[in-house]
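So the chains spell out like this:
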Amino acid sequence: MSILRLENVTKKYKDQVAVDNISFEVKRGTIFGMLGPNGAGKTSTIRIITTITGPDSGTVFFENEILNHTHPSRMGYLPEERGLYKKMKVGDHLIYLARLKGLSAHDAATKCKIMLDRFDALDWWNKKVEELSKGMQQKIQFIATIVHEPVLLILDEPFTGLDPINTSMIQDEIFRLKNQGVTILFSTHRMEQVEEMCEDIILINHGKNVLLGNVQEIRNTYKENLYEVGFKGSLPQQFNGGLELVKQFDHTAVFRIPDQDTPNHLLQYLMQSGCEIQSFREILPSINEIFIRQVKGISHE
Amino acid sequence: MNSKVWIVAKREYLTRVQKKSFILVTLITPIALAVFFGLMGFIMNAGSKSDQRIVIKDDTGIIQQMAAADKSFPYEFSDSNIQKLKEDYQSQGYDLLIYIPPLRDSSTMSISASYYSKEKPSLSMLETIESHLADQIETFRMHRSNIDQHLLDSFKARVNLENGAMDPNNPGNSPVVGKLNIIIGTALGFIMGFMMYLVIFIYGSMVMRSVMEEKLSRIVEVMVSSVRPINLMMGKLIGVGGVGLTQLALWAVLIPVVLTIVSAFMPGVDPSQMSHVGNVSQVNEASFDNFSFHQVMVALWNLKWWLIIPVFIIFFLGGYFIYSSMFAAIGSAINEDMGEGQQLMLPIVIIVLCAFYMLFPVLSNPNGSLAVFASLFPLFSPIIMPARLAFDPPWWQIVLSIVIMLSTVWFFIWLTSRIYRVGILMYGKKATIREMFKWIRYSD
């Protein structure tokens, strides 16, 4: 059940290919992460999804229909570069943006009030935007993105420039909306967030799809059979059967075991050699490491 | 049209109309205009009257004799010795001393006299004195030759050229009023042309600034996800255009009211003087003085306002949309630096200035070939056609001009919206005009 599907989408600007043959699918009710360094083509892809620009080739499907200009009213889009009309009152501003998403004047007013109240900000209703602090403005921007109850929420670098309180507020909101069945697509260049939040990801570099799939599966695919052991006593001097000591510091050691081998064999070996095992865990590569490896791999080719 | 256009237009309109600066400018402009006219009237009055006291020592005796009979002669005479006068004319309270030596030949053509003054008198003042003195001598000579003033006056002739084909629908028209119509038409044409010129720059740059601010504050990124750029631009153009119409409508009521009030309360300012302040063009001061205030009012009343006002509004909107759409495109292409905008604005400024300066030849020949061309060419017609309206241009020209202009409006909105949609999302790079033309060809 996909809510959004991109097929071979390409977008060129005059001297560069911003989006190069990208295809992916976002499952309804999931959190989808779009990763990549700055300038990788994330914002260009998002602009195609939000119909701000059109692709040069390829097709986008939204709820199984070819994307058209009526669809953005069911999406909520928080751009990376975001602003508000400084001279407008908070309430008027929210109503204005909600009406542009297709809400009637009456619905817009009611929903904006409810939403502001939920964010403990109802007393800002008659304040001008310029009177608010930056953090408050970010809150208003987020409210404006979700007030029309979108089915797909698209957040472009939602955490940049946020203070820790707003960061956790938005994180909580993303999870809350997800539980209500909203699909969330967000882009970031901070990989660690993705591991915490996303089910599926796409890695983009130079406009190209570098990696696509489920976060856990990707990490498993790219695992290097590394295990971290906390121990007391001393390690054996020599290893056989292909076991390899990758590094050792204080009472922690990292081993690589051969592909066909199992962790049990490593444990047995260590226990037999008189080590006392205190902790044992598999080291999965972080998305960041995978990304760097992939990008370097490509640039070496 | 798209309902989002109206939502955007409504916001653009209301935020501007509710601003204190809008209310202030709308109220203060008529007052400032009234003060300006009042001041001009006052300066003209003050300038024409000399407050200098002048004393004449006339050794010919002729001038003093003739002046005694002429009550309007403004200067005083003294019989004191000229040497003594030279020393103390100032202490007697005079600013200027004129000495006319005895005439050697009483019928000589040129008479020279001398003046003495501590400050340098103005040329116009010297000319006034010269003509007053010459008048007295001429009168003296006419008397001596037994020529009667009435006889002399009866030789004079004056030719007035009038329109032979007066409007038959308007029996109240006299030939005099026919000429007055031309004068009023010229003045009105100039005022309307000038207003269009102002409108293009005032509201055009208002649009440009607002597009630029939206781009810089990045609100436009939020907007374009809900509104298509062309609708956003259209909404802005309609909203600001509405502000312009509102302001003009308020001025159309306020300016006459304030001017009437001021002219009633300001001494020494009469309506005819105000009119020559307004008439920068060919209407000279003397031509207005030949008509009574009543005739001017009748002529104004008889103008085809039922035609002029709606057509003016159509051209106002047409000119506004053509030019402000260009300003919107420029606003979308520039970044923090307003200087870039000025550079890109230069071609527009040149075109508008051309149209503005064309007003002068067009108004002096309002149905000539230049006038016809300029009132059909869509970049000039918004300024030129309203100026021609009071001269009854042929119907087909008005209609054709409107058709061409509206097609151009449509074309320019299409063209500039294609620049706009790219420009608003393009940061940091300085855009050239060539680059802006490339944006037109970008796919959606």
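A.B. asks: Got a minute to help me understand the overall build of chain A in this structure?
C.D. replies: Looking only at helices and strands, one finds nine helices and 14 strands in chain A. With respect to the three principal axes, the spread of C-alpha positions in chain A is 75 × 45 × 35 Å. Here chain A holds 301 residues, and 36% of them are scored as buried. Considering only intrachain contacts with a sequence separation of at least 6, the fraction spanning at least 24 residues in chain A is 69%.

A.B. asks: What should I look at first to understand the overall build of chain B in this one?
C.D. replies: Per the secondary structure count, chain B includes 18 helices and four strands. Across the 444 residues that make up chain B, the buried fraction comes to 33%.

A.B. asks: I'm lost on the sheet that holds strand S10 (residues 208-214) of chain A in this one. Help?
C.D. replies: Residue and element names in this part refer to chain A. Taken in spatial order, the six strands make up an open sheet running S6-S7-S8-S3-S9-S10, and their pairing is mixed. Single-partner strands in this sheet number two, and they are strand S6 (75-78) and S10. Within the sheet, the average angular offset between the axes of one strand and its neighbour, ignoring direction, is 15°. Looking at chain direction, strand S9 (residues 200-205) and S10 are connected through six bridges and run antiparallel. Along S10, the bridge assignment pairs Asp200 with Asn214. The sheet strands contacting helix H4 (residues 134-146) are S6 and strand S7 (152-156), and the helix crosses S6 at an angle near 160°. Taken strand by strand, helix H5 (residues 164-179) contacts strand S3 (31-35), S7 and strand S8 (183-188), and its axis lies near 150° from that of S8.

A.B. asks: Before we go on, may I ask you to explain the sheet that holds strand S3 (residues 96-100) of chain B in this structure?
C.D. replies: Backbone hydrogen bonds are what pair the strands of a sheet, in a parallel or an antiparallel way. Residue and element names in this part refer to chain B. With respect to topology, four strands assemble into an open sheet ordered S2-S1-S3-S4, the strand pairing being mixed. Looking at strand neighbours, the two that pair on one side only are strand S2 (76-77) and strand S4 (114-117), the edges of this open sheet. Pairing analysis gives five bridges linking strand S1 (residues 54-58) to S3, with the strands arranged parallel. Residue pairing in the sheet places Asp58 in a bridge with Ile100 of S3.

A.B. asks: Looking at this structure, how should I read the domain arrangement of chain A?
C.D. replies: As a measure of interface size, the accessible area lost when the parts come together is often cited. Domain annotation for chain A reports domain 1 (2-219) and domain 2 (224-283). If you average the C-alpha positions of domain 1 of chain A and of domain 2 of chain A, the two centres end up 45 Å apart.

A.B. asks: Quick question: what am I supposed to make of the interface of chain B and chain A here?
C.D. replies: Taken together, the contact pairs 16 residues of chain B with 21 residues of chain A. Grouping the constituent residues of the side of chain B that touches chain A by class yields five nonpolar, five polar and six charged.

A.B. asks: Help me understand helix H2 (residues 90-100) of chain A in this model?
C.D. replies: For H2(A), the tally of buried residues reaches nine of eleven residues, placing the bulk of the element in the interior. Restricting attention to buried positions, one finds in H2(A) the residues Val90(A), His93(A), Leu94(A), Ile95(A), Tyr96(A), Leu97(A), Ala98(A), Arg99(A) and Leu100(A). Buried residues in H2(A) make contact with helix H3 (105-118) and H4 of chain A together with helix H1 (3-17) and helix H8 (219-224) of chain B. Gly102(A) occupies a position one or two residues after H2(A) and carries a positive phi of about 105°.

A.B. asks: Would you take a moment to explain unusual backbone geometry for this structure?
C.D. replies: Most peptide bonds take the trans configuration, and most residues that are not glycine carry a negative phi. All names here are of chain A. Residue Glu157 is not a glycine yet carries a positive backbone phi of 45°. Its place among the elements puts Glu157 in the loop between S7 and H5. The phi dihedral of His206 falls on the positive side, at around 50°, and the residue is not glycine. Summarising the element assignment, His206 is placed in the loop between S9 and S10.

A.B. asks: It is not clear to me how the environment of Glu435(B) should be interpreted in this structure. Could you clarify?
C.D. replies: Residue and element names in this part refer to chain B. Relative to the helices and strands, Glu435 is located in helix H18 (residues 433-441). Judged by the 16 C-beta atoms lying within 10 Å of it, Glu435 falls in the partly exposed class. Put simply, Glu435 and Arg144 are 291 residues apart on the chain and 85 Å apart in space, counted from C-alpha to C-alpha.

A.B. asks: Before we go on, may I ask you to explain the pairing of S1(B) in this structure?
C.D. replies: Taken residue by residue, a regular strand's side chains alternate between the two faces of the sheet. Residues and elements named next belong to chain B. Of all five residues making up S1, five are buried, and the element is well covered by its neighbours. Covered by surrounding structure in S1 are Ile54, Ile56 and Asp58 together with Val55 and Lys57, the residues of both alternating faces. Alignment of S1 against S2, held across two bridges, turns out to be parallel. If you follow Val55 over to S2, its bridge partner there is Glu76. Where the polypeptide runs from S1 across helix H3 (residues 62-69) and back to S2, its parallel neighbour, the crossover connection is right-handed.

A.B. asks: I keep staring at the confidence of the model for chain B and nothing clicks. Help me out?
C.D. replies: Regions with low pLDDT carry predicted coordinates that are not meant to be interpreted in detail. Residues and elements named next belong to chain B. Predicted confidence across chain B gives a mean pLDDT of 81, with 86% of residues reaching 70 or more. Long-range and interchain partners of residues 268-288, a stretch whose pLDDT sits below 50, account for 39 contacts in this model, where long-range means more than four residues apart. For this predicted complex, the interface confidence score (ipTM) comes to 0.82, while the overall pTM stands at 0.76.

A.B. asks: Mind showing me how you'd approach the domain arrangement of chain B here?
C.D. replies: For chain B, the domain assignment lists domain 1 (3-44 + 174-441) and domain 2 (54-155). Of note, the centres of domain 1 of chain B and domain 2 of chain B, computed from C-alpha atoms alone, are 55 Å apart.

A.B. asks: How should I be thinking about the packing of helix H13 (residues 305-333) of chain B against helix H16 (residues 381-388) of chain B in this particular structure?
C.D. replies: Between two packed helices, the angle of one axis relative to the other and the distance separating the axes together describe the packing. All names here are of chain B. In the contact formed by H13 and H16, the axes pass within 9 Å of each other and the chain directions differ by 165°. In this view, H13 runs roughly antiparallel relative to H16, as classed from their interaxial angle. Regarding H13 and H16, the two cross each other, and that crossing is left-handed. Along its contact with H13, which presents Phe312, Phe315, Gly318, Gly319 and Ile322, the element H16 presents Pro382, Ile383, Met385 and Pro386. Its residues placed into classes, the contact of H13 with H16 shows seven nonpolar, two polar and no charged.

About the thresholds
Residues numbered from 1 in each chain as written. Chains lettered and ligands numbered in written order. Predicted model: local features only at pLDDT ≥ 70, side-chain atom pairs only at ≥ 80, totals over all residues. Helix = DSSP H or I, 4+ residues; strand = E, 2+ residues; numbered from the N terminus. Buried ≥ 20, exposed ≤ 12 C-beta atoms within 10 Å, placed from the backbone. Contact = placed C-beta atoms within 7 Å. Pairing = 2+ DSSP bridges. Axes fitted to C-alpha atoms, helices over the stretch in contact; angles between N-to-C directions. Domains from an automatic or database assignment. Nonpolar A, V, L, I, M, F, W, Y, C, P; charged D, E, K, R; others polar. Right-handed = clockwise from strand over helix to strand, strands pointing away. pLDDT = per-residue confidence, 0-100. Parallel < 35°, antiparallel > 145°, perpendicular 65-115°, else oblique. Left-handed = near helix turned anticlockwise from the far one by under 90°.

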